[in-house]
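Close look at the chain arrangement
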Amino acid sequence: MKPYRESGARLRTFTDKWLQTDPDSPAPYATLKQVLPRSSSPWREHDAISPLRACFSARSKPSWQQVTALLIVIIVFGGMCLWSISGVLTGLFWFCWACFMSNALMRLVACTIRPENAPIDPMTDAVNENLPSYSVIVALYKEASIVPQLVNAMLALDYPRDRLEILFALEADDEDTLLAFRKQNLPDFARVIAVPQGFPRTKPRALNHALEQARGDLIVIYDAEDQPRPGQLRCAAKAFAKGEPDLACLQAPLRPVGGNSFIARQFAAEYAVQFDILLPALQALNLPFPLGGTSNHFKADILRAVGGWDAFNVTEDADLGLRLAQLDYRTGMIASPTIETPPSLSQAWIPQRTRWIKGYMQTFLVHTRLNTPLKPRAWLGLFLGVALSVAAAVFYAPFSLMVIMSLLLTGLQHIGDAAHPLNIVSPYDLALFLFGTLSGMITITLAARRIDLRLNLLDIAGAPAYWCLQSVAAGFALWQLATKPFHWDKTEHAPVNFDVPPLYEDGPCAYGLEHDHHRHTHHLAHQSLG
């Protein structure tokens, strides 16, 4: 553990420059420059990235504890199959029952938790020369068509140019995207980094290569299609300055905008639940959560100290969020959003979701190896944020099919034999099935209301069909986990046909700072699902 904590003495270097650390001092804002003198240069040398422990890499083999547990499950399951098929079906049913009950209760509890408003602290409105330096990293592959939009979005970020650098990490053989960047008139603070060929060819490997060259005190990750709110970097810097030294990462909410297909509308609703219901609730309960794949803001020293990203995990974001918790760091949320484009067709959605579910499976396996000291807080976050999501994706469609078949056979054929393997649904079980579905719909409705996302009754009623598609992707994910665990399904993106900056209004910076969801999402609703 010690190598991961050696950089702790420098965690507040930029905070000490920015915020007055003595709360009893009467120094007014007018004398901030005198209290916090400008440094000669905002850039400094950073330590190299610490090697990632083998126990934290998806490339490593399962631990002996995991192998033993798997053998026990196989033996018990095989014995039950030989003894009684109906007993196996009953056991699977009650396993699904427990998973969906836990998921439903978690969502309903999350709906009751709302971030508290906090008064604005004028000391966080620092002058530019006292802001920390910021490195923006964008890893992209075969995205030539979206380069002009990406460059415009990054240059729209409102941050002092002498304290900002933008790094575009491209695979060295991605000639089309490299050519597209050559046609752009990039400013001095933006540059393209060629990632040398190597294995595996994944986004986290490219991010690590860029991190080696990044010089900022803070690091933020964006995707090629992202269009963050221009003031997002300032908001994250403020939240870090007010936070404790162990606050390592801040997640900005993602807002899918554009597209009117069934997939696009359900995707937007799903993101609203994730980023405006579930993650804020986990943060309010001081629990870790899996990060989203973009708009993650890090303290650079901590990110390097914990080993950066796992190049072999296809959801490196979720893994990193939980690894930070295992190493006694915390993650938080800011409210300044990032606009994304949702997949509109199942041909794009299924490969993307397959990779996500496979990565969640990898993350679950990595963090249940028992090779690190048991951290109840981290394990609870792993269960609520990862395990329940995987279980719901894998079992929702089979569980629904089991219930529907049982009801049809019972109602139409009047099966009265209690020994029949499908006669396992009681009125209480049916009530649970309805409760789980309704809790999901309630959560969607509340999430849409919080961000002014326009959904109609068909969108809400169609959610179970979307949840069943998750099981299709989960089937592919299980197959890939066994056959090609490090394969990266590329998601194709296309430029959008609307202008993003006008969508934003002055709004909140961070949950618990100037939190007010309704101010900055009004225009998003009209562009996304209106």
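Below or above, wherever it landed, is the structure these notes cover. As the structure is a prediction and not an experimental result, all values here were calculated from the model.

Moving on, we get to the environment of P290. Topologically, P290 is positioned in the loop between α9 (262-284) and β8 (296-299). The exposure class of P290 is buried, given its relative accessible area of 2%. Between the alpha carbons of P290 and L384 there is a distance of 9.7 Å; along the sequence they are 94 residues apart. Once residues lying within four places of it in the same chain are set aside, the contact partners of P290 are L279, A318, Y360, G385 and V386.

The final tally for this structure, using the stated rule, is 16 aromatic pairs. Judged by centre distance (5.8 Å) and plane angle (90°), the ring pair of F298 and W309 falls under edge-to-face. Here the residue F298 occupies a position in strand β8, and W309 occupies one in the loop between α10 (300-305) and α11 (316-326), the gap between them amounting to 11 residues. Considered together, F298 and W309 belong to a single accessibility category, that of buried residues. On the numbers, 5.0 Å between centres and 75° between planes, the contact of F312 with F486 is edge-to-face. A residue pair is termed long-range when its members are at least 10 positions apart, and F312 in the loop between α10 and α11 and F486 in the loop between α16 (463-483) and α17 (517-520) qualify at 174 residues. An aromatic cluster is present here, built from F100, Y396, F399 and W467 joined pairwise through their rings. Its end group placed over the ring of W488, R355 keeps NZ or CZ at 4.2 Å from the ring centre.

Another aspect to go through is the sheet that holds strand β10 (residues 338-340). The mixed open sheet is built from three strands, whose spatial order is β5-β10-β7. Of all the strands in the sheet, the pair left with one neighbour each is β5 (227-228) and β7 (254-256). Two strands pair when backbone bridges link them, and β5 and β10 are joined in this way by two bridges, in the antiparallel orientation. Each residue of the ladder has a partner; that of Q227, found in β10, is I339. Along the sheet, α9 makes contact with β7 and β10, crossing β7 at roughly 165°.

The next subject is the packing of α11 against helix α12 (residues 346-366). For the pair α11 and α12, the least separation of the axes is 8 Å and the interaxial angle reads 25°. If you check the angle between α11 and α12, you find them roughly parallel. Crossing geometry of α11 relative to α12 is assigned as right-handed. The residues of α12 that touch α11, namely those facing A318, D319 and L322, are Y360, T363 and V366. Taken together, the residues that form the contact of α11 with α12 break down as four nonpolar, one polar and one charged.

Next up on the list: the side chain of R450. Checked against the element boundaries, R450 lands in helix α14 (residues 427-450). Within the buried set, R450 has no salt-bridge partner at all; the shortest N-O distance to an opposite charge, 6.5 Å, is to D276. Only 3.3 Å separates the side chain of R450 from the backbone oxygen of I113, close enough to count as a polar contact.

Here we come to the pattern of salt bridges. For the structure shown, the criterion picks out 13 salt bridges. Close ionic contact of R265 with D459 constitutes a salt bridge, the shortest N to O distance being 2.7 Å. A residue pair is termed long-range when its members are at least 10 positions apart, and R265 in helix α9 and D459 in helix α15 (residues 457-461) qualify at 194 residues. The class of R265 is buried, set by a relative accessible area of 10%. Through salt bridges that share partners, E165, R191 and R215 make up one connected network.

Our next topic: the side chain of S57. Relative to the helices and strands, S57 is located in the loop between α2 (32-35) and α3 (64-83). Given the relative accessible area of 9%, S57 is considered buried. Within the structure, S57 has its side chain in polar contact with the side chain of D310 (distance 3.3 Å).

Formed by 82 residues in total, the largest nonpolar core has its most connected members in I137, I219, F298, W309 and L324. A total of 13 residues in this core trace back to one element, the largest contributor, which is α9.

Okay, the environment of A169 next. Looking at the element boundaries, A169 is found in strand β2 (residues 164-171). Expressed as a C-alpha distance, the spacing of A169 and H209, which sit 40 residues apart in the sequence, is 8.0 Å. Setting aside its immediate chain neighbours within four residues, A169 contacts V138, A139, L140, I193, V195, A206 and A210.

This part is about the sheet that holds strand β6 (residues 247-251). Sheet architecture is open: seven strands sit in the order β3-β2-β1-β4-β8-β6-β9, paired in mixed fashion. Of all strands in the sheet, those bounded by a partner on one side alone are β3 (190-195) and β9 (330-333). Strand after strand, the sheet turns through a mean of 25° between neighbouring axes, direction not considered. With seven bridges joining them, strand β1 (residues 134-140) and β2 adopt parallel strand pairing. Pairing of A139 across the sheet is with A169, part of β2. Against the sheet, helix α6 (residues 175-182) contacts β1, β2 and β3, and its axis sits at roughly 150° relative to β2. Here helix α7 (residues 203-213) sits on the sheet and contacts β1, β2, β3 and β4 (218-222); the angle it forms with β3, its principal contact strand, is near 125°.

What counts and what doesn't
- Residues numbered from 1 in each chain as written.
- Predicted model: local features only at pLDDT ≥ 70, side-chain atom pairs only at ≥ 80, totals over all residues.
- Heavy atoms only, no water.
- Helix = DSSP H or I, 4+ residues; strand = E, 2+ residues; numbered from the N terminus.
- Buried < 20%, exposed > 50% of the residue type's maximum accessible area, 1.4 Å probe, protein only.
- Contact = heavy atoms within 4.5 Å.
- Phe/Tyr/Trp six-rings, centres within 6.5 Å; stacked < 30°, edge-to-face > 60°.
- Lys NZ or Arg CZ within 6 Å of the ring centre and 35° of its normal.
- Pairing = 2+ DSSP bridges.
- Axes fitted to C-alpha atoms, helices over the stretch in contact; angles between N-to-C directions.
- Parallel < 35°, antiparallel > 145°, perpendicular 65-115°, else oblique.
- Left-handed = near helix turned anticlockwise from the far one by under 90°.
- Nonpolar A, V, L, I, M, F, W, Y, C, P; charged D, E, K, R; others polar.
- Lys, Arg positive; Asp, Glu negative; His and termini not counted.
- Salt bridge = Lys/Arg side-chain N within 4 Å of Asp/Glu carboxyl O.
- Polar contact = N/O pair within 3.5 Å; in protein donor to acceptor, adjacent residues only side chain to side chain.
- Core = buried A, V, L, I, M, F, W, Y, C linked by side-chain atoms within 4.5 Å.

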